[in-house]
Amino acid sequence: MSNLFMCENYCVVRKFRDKYKLVVIPGYNPNKSMTRDEFASNEEKLENSLSRSRNKVFEYAYCNDWEYFVTMTLDKTKFNRYDLKAWHKSLSHWLRDYKRKTGQKISYLLIPERHKDGAWHIHGLLSGLPADRLSAFPKGTPLFGTDYLNWQDYADKYGFCSVGKVGNHEAVSKYITKYITKDMARLNNELNANLYYCSQGLKTSEVLCQDMVYNSTGIELSPDFENKYVAVKWFDTYEDAMRVFLCDETLNLDDFEFVDVSGEAVI
């Protein structure tokens, strides 16, 4: 990108474990009351909401240590497959009881997905699952002989559940965001349903710097993501991420001469 962001640019640098994320927002001033959503179209508001949700899901995924990728279903003989809110409320209570029984706190990041018939299933990340509560799928079942494990406690309570060990942490953090789609955002907005659920106490990124950058020639950047509102660039080092602030052309008092009360110029 060349000279796309002119004059006022709001820049934020965040630390994600071992990586650094630079976000550049042109023309945005956090000190002003008006936000972009106030003058955006409905479609733009949906896109903005979608982007925020994807970013947050990636943040929770990347900043925490996850052991398993999970797919959870709801068996109609055990639970109402169409009532997502009731399932999440029930799951929260069930996990608290599960902690008391096993001594293990289970952390989660879960994204619901809807079938064409309106029923729900859930994808997500888990940590803290007791290893002795997981087992291979029995012979005669679709996942027999695979690396996926069965969490029978969940299956007895709610329905079929497959659990796979997380290999590449960064890859699975990116992968899970694919479940946050525009169609799901529209649908969940209509149903007043969450795009994702997460347990309390998850780690988040750390804001290292956020400030206005003034540059008359524009910020030179080759973004990893870009639209008309924002550009995002990932860096491996703190020094590289912070270089955007070196292009700030805010006037420096050292560039001026001052006049004392006698009228003589002083440097």
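To be clear, the structure that these remarks concern was listed above.
Residues numbered from 1 in each chain as written. Predicted model: local features only at pLDDT ≥ 70, side-chain atom pairs only at ≥ 80, totals over all residues. Heavy atoms only, no water.

Visitor: Outline the packing of aromatic side chains, supporting the account with residue identities and numerical values.
Guide: One pass over the structure, following the stated rule, counts 17 aromatic pairs. Aromatic pair Phe-16 and Trp-234: ring centres 5.0 Å apart, planes at 70 degrees, arrangement edge-to-face. Here Trp-234 lies in strand β12 (residues 231–235) and Phe-16 lies in strand β1 (residues 7–16), a separation of 218 residues in the sequence. Just above the ring of Tyr-60 sits the side chain of Lys-56; from NZ or CZ to the centre is 5.2 Å. A cation sits over an aromatic face here: Lys-178 above Tyr-179, 4.3 Å from the ring centre. (Phe/Tyr/Trp six-rings, centres within 6.5 Å; stacked < 30°, edge-to-face > 60°. Helix = DSSP H or I, 4+ residues; strand = E, 2+ residues; numbered from the N terminus. Lys NZ or Arg CZ within 6 Å of the ring centre and 35° of its normal.)

Visitor: Would you mind going over the pattern of salt bridges in detail, with residue names and values included?
Guide: In this structure the tally under the stated criterion is 8 salt bridges. Here Lys-19 and Asp-236 are joined by a salt bridge, their closest N and O atoms 3.3 Å apart. On the criterion of sequence distance, the pair formed by Lys-19 in strand β2 (residues 19–26) and Asp-236 in the loop between β12 and α6 (238–242) is long-range, its members being 217 residues apart. On the basis of relative accessibility, which here comes to 18%, the residue Lys-19 falls in the buried class. In this structure, Glu-59 engages Lys-56 in a salt bridge whose closest nitrogen and oxygen atoms are separated by 3.3 Å. Separated by 3 residues within a single helix, Glu-59 and Lys-56 lie in helix α1 (residues 42–63), roughly one turn from each other. According to the relative accessible area criterion, Glu-59 is buried, its value standing at 6%. (Salt bridge = Lys/Arg side-chain N within 4 Å of Asp/Glu carboxyl O. Buried < 20%, exposed > 50% of the residue type's maximum accessible area, 1.4 Å probe, protein only.)

Visitor: Explain the layout of surface pockets residue by residue, including any values.
Guide: Estimated volume of the largest pocket: approximately 1,400 Å³. What lines the largest pocket is a set of 36 residues, among which Lys-21, Ser-51, Arg-52, Asn-55 and Val-232 lie closest to the centre. At the level of secondary structure, the elements contributing two or more residues to the lining of the largest pocket comprise β1, β2, α1, α4 (169–176) and β12. In terms of residue class, the lining of the largest pocket is built from 14 nonpolar, 8 polar and 14 charged. Quantified by volume, the second largest pocket comes out at close to 300 Å³. Lining the second largest pocket are His-88, Ser-92, Leu-95, Arg-96, Lys-99, Lys-105, Ile-106, Tyr-108, Cys-198, Ser-199 and Gln-200. If one sorts the elements of the lining of the second largest pocket by residue count, helix α2 (residues 84–102) sits on top with 5 residues. Of the residues assigned to the lining of the second largest pocket, the class counts are 4 nonpolar, 4 polar and 3 charged. (1 Å grid on protein atoms, 1.4 Å probe; cavity = no way out; pocket = protein on both sides within 12 Å on 5 of 7 lines; lining within 4 Å. Points joined across faces, edges and corners; volume = space filled by probe spheres on them. Nonpolar A, V, L, I, M, F, W, Y, C, P; charged D, E, K, R; others polar.)

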